[in-house]
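Residue strings, one per chain:
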Amino acid sequence: MSKKEYLKLLEEIKRHNQLYFDQGMPEITDYEYDLLLKEAEKIEASHPEWVPADTPTCQVQEQPTKGFKQVEHDVPMLSLANTYSREEVADFVARVYKLLEREDVEFCVELKMDGVALSLRYEDGKLVRAVSRGNGRKGDDITANVKTIRSIPHELKGTNIPDLLEVRGEVFIPTKDFAEMNREREEAGDVTWANPRNAAAGSLKLLDATEVAKRKLDIVFYNVITREKILKTQAENHHFLKKMGLPVGSEKHFTVCKSLDEIFAFADRIEKERPSLPFEIDGIVIKVNHLRDHDILGATGKSPRWAAAYKFAPEQAETVIEDIIVQVGRTGVLTPVAELRPVPLAGSTISRATLHNEEEVARKDIRVHDTVMIEKGGDVIPKVVEVIQSKRPKESKPWHMPTHCPICGAKVIRTEGEVAVRCPNRISCGGQNLRRISFFASKNAMDIDHLGPEIVKKLVEIGFVSRLSDLYRLTENELAQLEGFKEKSIHNLLDSLEKSKKVTLARFIFAIGIPYVGEGTAQLLADAAGSMDRLKEMTEEELCEIDGVGDKVAESIVEFFSDEKHSQEIDELIELGVTPTAVHKKITGHAFAGKTFVLTGSLEEFTRTDAANLIKERGGKVSSSVSKKTDFVLVGEDPGSKYDKAKQLGVSILDEKSFKASL
Ligand code: IVH
């Protein structure tokens with residue numbers, strides 16, 4: 001490789017770093033990324049004179065996140081050297097033997113969780129700080145977000161708790177919850193996460209802890225740092241963590257090995273179990289068991305010499321693309337999907353793979369009848385990793401996105417700077433319509449019982465429903481014409497439709513399907529606007545002023561309402577009796593009026609947002625820090641330092657019970 005090619009490779013690695021860390025949307029798998037990194041490292045070993053100071057092979061790349069305080073780690077958070085083959089593992093073990101000058105070395109082997117590293121500090125048994133890895137030396141202070149992770153105790157259990165304890169582990173989202181989360185995002189027209197790890201990382205960086213609480217984050221711990229050396233081995237670390245009430249992996253998922261063969265036996269077992277694990281792992285970690293040996297072995301700039309990751313290759317399978325079809329989503333986005341010759345992979349039979357968008361198809365040059373390797377990412381839907389060029393039929397042609405919507409035939413539109421291609425026909429396109437109506441009726445939207453996607457399909461096909469408002473025009477006579485609809489089912493559905501008319505403003509905003517407006521955003525909009533009429537007239541600037549609403553969302557809202565068809569649809573829904581009501585009505589003359597509250601700890605009956613809204617409805621204000629100007633501190637379970645400060649300043653303290661009583 002020439003120097004020019006090497007520098008190009010570094011640029012490519014940096015580009016992937018940016019996609020991964022800053023945008024949370026990687027284009028390549030970790031495995032592919034590691035191969036690029038490895039290639040660069042190999043060249044650097046033979047041409048040290050070429051290596052620029054900022055080579056991405058020598059830095060942990062994550063940048064600080066805006067909005068979080070930066071905190072220095074007392075003990076740096078290093079990464080692990082990666083190995084991909086048995087030879088490389090054997091080399092690692094041999095190096096350890098050589099450096100320790102003996103061969104009776106034990107290794108503690110454990111799962112390599114595919115998540116986000118986190119360091120927690122407990123002082124006198126109380127959780128005081130949570131910091132992300134960041135660049136290894138300094139990370140983001142994400143304490144408020146981390147406190148929402150249910151399995152993290154705010155106070156440790158057990159006896160002999162060290163006064164200062166730092167514990168480290170990996171935050172992750174279980175595979176099932178991740179799939180659910182992505183389904184919801186897709187429904188809401190949001191971009192889906194590429195894998196659970198990105199979703200976890202993205203969630204931890206949210207600026208609103210109440211939003212983080214909704215993500216199904218979990219954690220396992222694997223490392224202990226104490227001032228005094230109270231533990232002797234890595235295996236003891238696990239037991240110690242467990243004793244303190246901290247979540248650790250299952251007993252089956254770490255073991256002490258005395259030889260290379262035992263390490264490989266563990267690796268083989270875990271690789272077999274991998275498809276059925278409820279979370280993602282990308283390999284195993286091999287650690288020298290005795291902690292005193294860690295001091296002898298030390299670390300290189302980037303990783304310790306006492307540990308190595310043995311990474312599994314992603315599970316892949318070879319199959320043929322029988323066709324490429326195009327799906328039209330609820331918000332009109334056209335998504336190419338490969339229909340595959342069914343093939344077993346990671347515990348299920350795969351017959352479809354998402355091709356994401358036109359750019360992705362072009363980048364990998366994926367064509368109908370190609371033989372391809374597919375791989376299961378974190379998502380339930382697998383993806384095409386590469387095309388096996390040697391097996392491509394001679395007559396094959398590149399694939400292109402259709403110029404017209406495959407469902408309604410309208411000419412598709414492309415927005416500059418966006419990869420998505422959309423059908424412009426939001427209301428009348430059958431594909432979008434069906435999804436829009438099903439979504440409108442779904443549990444988290446209007447919650448219309450007895451109106452599942454199958455019924456919606458029947459209603460649309462028979463021609464009784466073509467717009468959202470048509471649902472509220474359905475008659476007994478019409479429903480009686482549906483196959484399988486008897487008196488009871490007819491009344492059930494009509495009752496549910498009637499009930500659904502009383503709806504909160506937030507649910508209604510979510511239900512009408514504005515692109516990029518998910519449940520959380522809908523709540524923010526409802527709180528800020530207070531009514532549908534006001535929301536409709538809000539400008540982009542006004543929308544952007546709402547905490548949590550960005551440019552893209554604001555633009556999408558204004559565009560949505562500027563379409564006459566949408567405004568009319570909403571007016572008709574309201575005329576038919578749908579009454580979206582802002583929950584936060586103003587209550588006048590309440591004792592909370594003009595008072596400033598600070599909230600700390602977790603409440604039993606309310607979320608913090610609910611409590612804050614109740615205060616605001618009653619004319620009170622909610623502030624984030626305690627000062628002399630604070631009138632009340634509402635204290636829940638496990639209060640933080642705000643409670644202590646309130647006591648110090650003599651601010652009135654309200655517990656949940658008295659808060660409830662004074663509402
Ligand atoms: S030990 C200095 N143990 O892998 C060694 N790390 O590539 C510190 N990880 O930053 C890490 N499972 O985010 C260790 N059982 C495990 C792990 C683990 C996952 C992650 C962690 C670390 C990264 C290094």
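Structure: see above.
Here is a short report on the structure shown in this document. A quick note: this is a predicted structure, and the numbers were derived from the prediction, not measured.

One pass over the full model with this rule turns up zero disulfides. Take Cys-405: it sits in no disulfide, and the sulfur closest to it among the cysteines is that of Cys-429, at 3.6 Å. Left unpaired, Cys-408 is separated from the closest cysteine sulfur, that of Cys-423, by 3.6 Å.

Under the counting rule described, the total for this entry stands at ten aromatic pairs. With centroids separated by 5.0 Å and ring planes inclined at 75 degrees, the aromatic side chains of Phe-439 and Phe-510 adopt a geometry described as edge-to-face. Of this pair, Phe-439 sits in helix 12 (residues 430-441) while Phe-510 sits in helix 16 (residues 505-511), and the two are 71 residues apart along the sequence. Directly above the ring of Phe-264 sits Arg-86, whose terminal nitrogen or CZ lies 4.6 Å from the centroid.

Close to the ligand lie 14 residues, the nearest being Glu-110, Lys-112, Arg-133, Glu-170 and Lys-287. Take Lys-112: an N or O atom from its side chain is 2.9 Å from an oxygen atom of the ligand. In this structure, an oxygen atom belonging to the ligand sits 3.0 Å away from a side-chain N or O atom of Arg-133. Across the complex, the protein chains shield 89% of the 510 Å² of accessible surface that the ligand would expose by itself.

All right, on to the sheet that holds strand 3 (residues 107-113) then. One open sheet accounts for five strands, arranged 2-11-10-3-9; its pairing is mixed. The open sheet terminates on both sides in strands that have one partner only, identified here as strand 2 (81-83) and strand 9 (254-257). The mean angle between the axes of side-by-side strands here comes to 30 degrees, regardless of whether they run parallel or antiparallel. Taken together, the three bridges between strand 2 and strand 11 (residues 307-311) define a ladder with parallel strand orientation. The residue of strand 11 that forms the bridge with Ala-81 is Ala-308.

Conventions and cut-offs
- Residues numbered from 1 in each chain as written.
- Predicted model: local features only at pLDDT ≥ 70, side-chain atom pairs only at ≥ 80, totals over all residues.
- Heavy atoms only, no water.
- Disulfide = S-S within 2.5 Å.
- Phe/Tyr/Trp six-rings, centres within 6.5 Å; stacked < 30°, edge-to-face > 60°.
- Helix = DSSP H or I, 4+ residues; strand = E, 2+ residues; numbered from the N terminus.
- Lys NZ or Arg CZ within 6 Å of the ring centre and 35° of its normal.
- Near = heavy atom within 4 Å.
- Polar contact = N/O pair within 3.5 Å; in protein donor to acceptor, adjacent residues only side chain to side chain.
- Areas by Shrake-Rupley, 256 points an atom, 1.4 Å probe, with all protein chains shown as cover.
- Pairing = 2+ DSSP bridges.
- Axes fitted to C-alpha atoms, helices over the stretch in contact; angles between N-to-C directions.

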